[in-house]
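Residues per chain are reported as follows:
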Amino acid sequence: MRWEAYQESQREPLLVSFLYSSILNHDSLESSLAFLLANKLSSAAMISTQVQSLILNALHKDRSIGRAIRADIMAVRDRDPACTCLPDVFLYFKGFHALQTYRVAHAIWKTDNKQVLAHYLQSQMSQTFQIDIHPNATLGNGIMLDHGTGIVIGETAHLGHNCSILHHVTLGGSGKKGVDRHPKVGNGVLLGAGTSVLGNVKIGDGCQVGAGGLVITDLPPHSVAVGVPVKIIGSFVDVTEQP
Amino acid sequence: MRWEAYQESQREPLLVSFLYSSILNHDSLESSLAFLLANKLSSAAMISTQVQSLILNALHKDRSIGRAIRADIMAVRDRDPACTCLPDVFLYFKGFHALQTYRVAHAIWKTDNKQVLAHYLQSQMSQTFQIDIHPNATLGNGIMLDHGTGIVIGETAHLGHNCSILHHVTLGGSGKKGVDRHPKVGNGVLLGAGTSVLGNVKIGDGCQVGAGGLVITDLPPHSVAVGVPVKIIGSFVDVTEQP
Amino acid sequence: MRWEAYQESQREPLLVSFLYSSILNHDSLESSLAFLLANKLSSAAMISTQVQSLILNALHKDRSIGRAIRADIMAVRDRDPACTCLPDVFLYFKGFHALQTYRVAHAIWKTDNKQVLAHYLQSQMSQTFQIDIHPNATLGNGIMLDHGTGIVIGETAHLGHNCSILHHVTLGGSGKKGVDRHPKVGNGVLLGAGTSVLGNVKIGDGCQVGAGGLVITDLPPHSVAVGVPVKIIGSFVDVTEQP
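Since this is a predicted model, take the numbers as computed values, not measurements. (Residues numbered from 1 in each chain as written. Chains lettered and ligands numbered in written order. Predicted model: local features only at pLDDT ≥ 70, side-chain atom pairs only at ≥ 80, totals over all residues. Heavy atoms only, no water.)

## Digging into the relation of the copies chain A and chain B
Piece 1. Taken as rigid bodies, chain A and chain B are interconverted by a rotation of 120° and an axial shift of 0.0 Å, the fit giving an RMSD of 0.0 Å. A rotation of that kind, with that shift, is consistent with a three-fold axis.
Piece 2. In this assembly, only 13% of the residues forming the interface of chain A have copies in chain B that are likewise at the interface, indicating a heterologous arrangement. (Least-squares fit on C-alpha atoms with pLDDT ≥ 70 in both. Contact = heavy atoms within 4.5 Å.)

Below is the structure:
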């Protein structure tokens, strides 16, 4: 990615200082990401250097986040037809930025038990990227949040590896207090734009839900489902990918 | 709420100056809110101290807004299962921030007859919180705008007391100029994520509309409705709550 | 518009410096727009004066953008019942701001062949206005993006003249790489809130799609269609307008 960023900086002099300060100047992806997110998540409440060291600490403490970040970048490059190079994902995709903010907030919530700080990051994430992921939700690796605006993922939701989530998707609760009230989504699932999945329902591995779908009952693995509420219209097994 | 904020400030040193300047340093909820919103709604057009005094003046002139604010905070605490303490609502819920921005803009529009200023606040609200409420709409007390991203409430819409509105809900117009063209929603209504209510239709007290519903005809009180367009699938009377 | 802005500045002293610096102080609409957008699209990566000269250069190079801008302003004034004066459209409508950001990014992509810069503008547009239009999409003149939050328009999409697009509308791809994979929308089309149009489908001139509709097959001209997926429920010919 450094090499691609260097090539871009050669092509576009206006952005050279941005590319240098965001990518070329850092010795690790973690350091680069902390710098980038800190500029986006800072506020009158917490200046960017504070946010930066908060993020860096979380990334250094839990090395598994670094693996998740790399899998997420490759997920966008592989699945988004409009994506042409790695620095673009890293610098410009707000779905990627929100997802990494969640990963840091999740670590702060779970490992450091600092719910107040995690809520601060969630709040800034929602205001900056319009993506609202509860720090206590559990998300796998290799996830693409495409376009991103309006995605909401609730506190007890679970999302497997290699899922693709389009904009306006809701993994919402049943409204009951203090219980496991959000959806459980398997691996390799694709949820189309505007899909709502509500309550503690299970979506099996490899399912695909069409845009605008409403899911309020379980879906068996590899279902293709559309409608409000969704009906299963077929099944899908992609032999070329191993989710 | 001051006491809870004080406890949080003891737990989380990184946020202590934020909690002090936003809550502990103020002698009234109104003063605290004006400070918080001013930081979020300021721009090159109007610096935060100007916005702050604008908001404070409106809150002092019309004391009924203060009652509405308190009812709104309690509404989130009572109805959002992920909400654990009052300062979180006040500091972090952008649905709450947008709602209070509307309340101020509404007062400026109605009482002071300053439509240009009210439009400025509406524009900043939409850009900052992605929630677009026309200053001339009428909203009751005890309202929760959950998650918030994408909510649109039009000029001649009416929303009763104790309603819960999820993200992506539209109370939209019929497209006709100069007439009463937006929905009239009763008390204690729940509109699920992505619901669109279009035209001058009436939704009765205590109705519940499922996620992604499209409402283009009147709904009698306590209906439960789902679909595009919605069909009534049952009725709902909550004996534990008095909306 | 200068005259209306002057009148507003007389009515509202708090906004007088904003109105002066944004409108009254400029000798052309292009200069005024470049100033306004630069303030909204700047970031740590590119300061507002850089963005301003970038926009001004693009507007001076391609004079047809100026005509499109004027048609877009009139479109909002004519079609939005809540719009009362021209400066309001220009200063406050984020759908208008995002659309003009796209027009500049499109020129930079096509004429100057600077994809990296165009992607920067797209990314800032999505973060600031929550409207994500690929710089390589082709959009006609006289377009209104009403409310705007959540609109997504993909790389190979085409949108004709005089279309009205409500919030949460998606012109999305089929997911295939490297092919013409987005919708082709004719002139004078109205797409209601939350409509998703997916894949390389054609929507004929003068069609109207109801809120929340899912379009995955072609629609003949002047169709009125609703549902998930949409069904044609009638036809519409507006004899008073010439789209």
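So, next bit.
## Here we look at the sheet that holds strand 9 (residues 190-191) of chain C
Residues and elements named next belong to chain C.
Piece 1. Pairing is mixed across the open sheet formed by six strands, whose spatial order is 3-6-9-12-14-15. Both edges of this open sheet fall to strand 3 (144-145) and strand 15 (231-235), since each of them pairs with a single strand only.
Piece 2. As judged from the two bridges shared by strand 9 and strand 12 (residues 208-209), these two strands associate in the parallel manner. Each residue of the ladder has a partner; that of L190, found in strand 12, is Q208. (Pairing = 2+ DSSP bridges. Helix = DSSP H or I, 4+ residues; strand = E, 2+ residues; numbered from the N terminus.)

## A look at the sheet that holds strand 1 (residues 132-133) of chain C
Piece 1. An order of 1-4-7-10-13 (chain C) is seen for the five strands of this open sheet, with the pairing classed as parallel. If you trace the sheet from one side to the other, it starts and ends with strand 1 and strand 13 (214-215) of chain C, each paired once.

## Quick notes on the interface of chain C and chain B
Piece 1. Of the residues lining the interface, 28 residues belong to chain C; the matching set on chain B comes to 31 residues.
Piece 2. Roughly 2,400 Å² is buried in total at the junction of chain C and chain B, and carbon and sulfur atoms are behind 61% of that figure.
Piece 3. For chain C, the biggest contributors to the area lost against chain B are C:L14, C:P81 and C:Y92; these three give 24% of the whole.
Piece 4. Counting the contacts that link chain C with chain B gives zero salt bridges.
Piece 5. Run the count over chain C and chain B and you get six residue pairs in polar contact (both at pLDDT 80 or more).
Piece 6. Taken together, the residues of the side of chain C that touches chain B sort by class into eleven nonpolar, eight polar and nine charged. (Buried area = accessible area lost by both parts, 1.4 Å probe. Salt bridge = Lys/Arg side-chain N within 4 Å of Asp/Glu carboxyl O. Polar contact = N/O pair within 3.5 Å; in protein donor to acceptor, adjacent residues only side chain to side chain. Nonpolar A, V, L, I, M, F, W, Y, C, P; charged D, E, K, R; others polar.)

## Points about the packing of helix 2 (residues 16-24) of chain C against helix 3 (residues 29-41) of chain C
All names here are of chain C.
Piece 1. Contact geometry of helix 2 with helix 3 gives a least axis separation of 8 Å together with a crossing angle of 125°. One way to sum up the angle between helix 2 and helix 3 is to call them oblique. Contacts from F18, S21, S22 and I23 in helix 2 reach S32, F35 and L36 in helix 3.
Piece 2. Here the residues of the contact of helix 2 with helix 3 are counted per class, giving four nonpolar, three polar and no charged. (Axes fitted to C-alpha atoms, helices over the stretch in contact; angles between N-to-C directions. Parallel < 35°, antiparallel > 145°, perpendicular 65-115°, else oblique.)

## Here we look at the packing of aromatic side chains
Piece 1. For the structure on display, the rule yields six aromatic pairs over all chains.
Piece 2. Taking 6.3 Å as the distance between ring centres and 65° as the angle between the ring planes, the aromatic pair formed by B:Y120 and C:Y92 counts as edge-to-face. Of this pair, B:Y120 sits in helix 8 (residues 115-129) while C:Y92 sits in helix 6 (residues 86-92), which puts the two residues in different chains.
Piece 3. Note on C:Y92: relative accessible area 8%, which makes it buried. (Phe/Tyr/Trp six-rings, centres within 6.5 Å; stacked < 30°, edge-to-face > 60°. Buried < 20%, exposed > 50% of the residue type's maximum accessible area, 1.4 Å probe, protein only.)

## Some words on the side chain of A:H97
All names here are of chain A.
Piece 1. Residue position: H97 is located in helix 7 (residues 94-110).
Piece 2. By relative accessible area, which is 1% here, H97 ends up buried.
Piece 3. Setting aside residues no more than four positions away along its own chain, H97 makes contact with L36, L37, K40, V89, F90, L91, Y92 and F129.

## Regarding unusual backbone geometry
Piece 1. The step from A:V228 to A:P229 runs through a cis peptide bond, and the omega angle for that step is -10°.
Piece 2. Not every positive phi belongs to a glycine, and C:N113 is a case in point at roughly 60°.
Piece 3. Mapped onto the elements, C:N113 comes out in the loop between helix 7 (94-110) and helix 8 (115-129).
Piece 4. The phi torsion at C:H168 lies on the positive side, around 65°, for a residue other than glycine.
Piece 5. For C:H168, the position within the fold is in the loop between strand 6 (164-165) and strand 7 (170-172).

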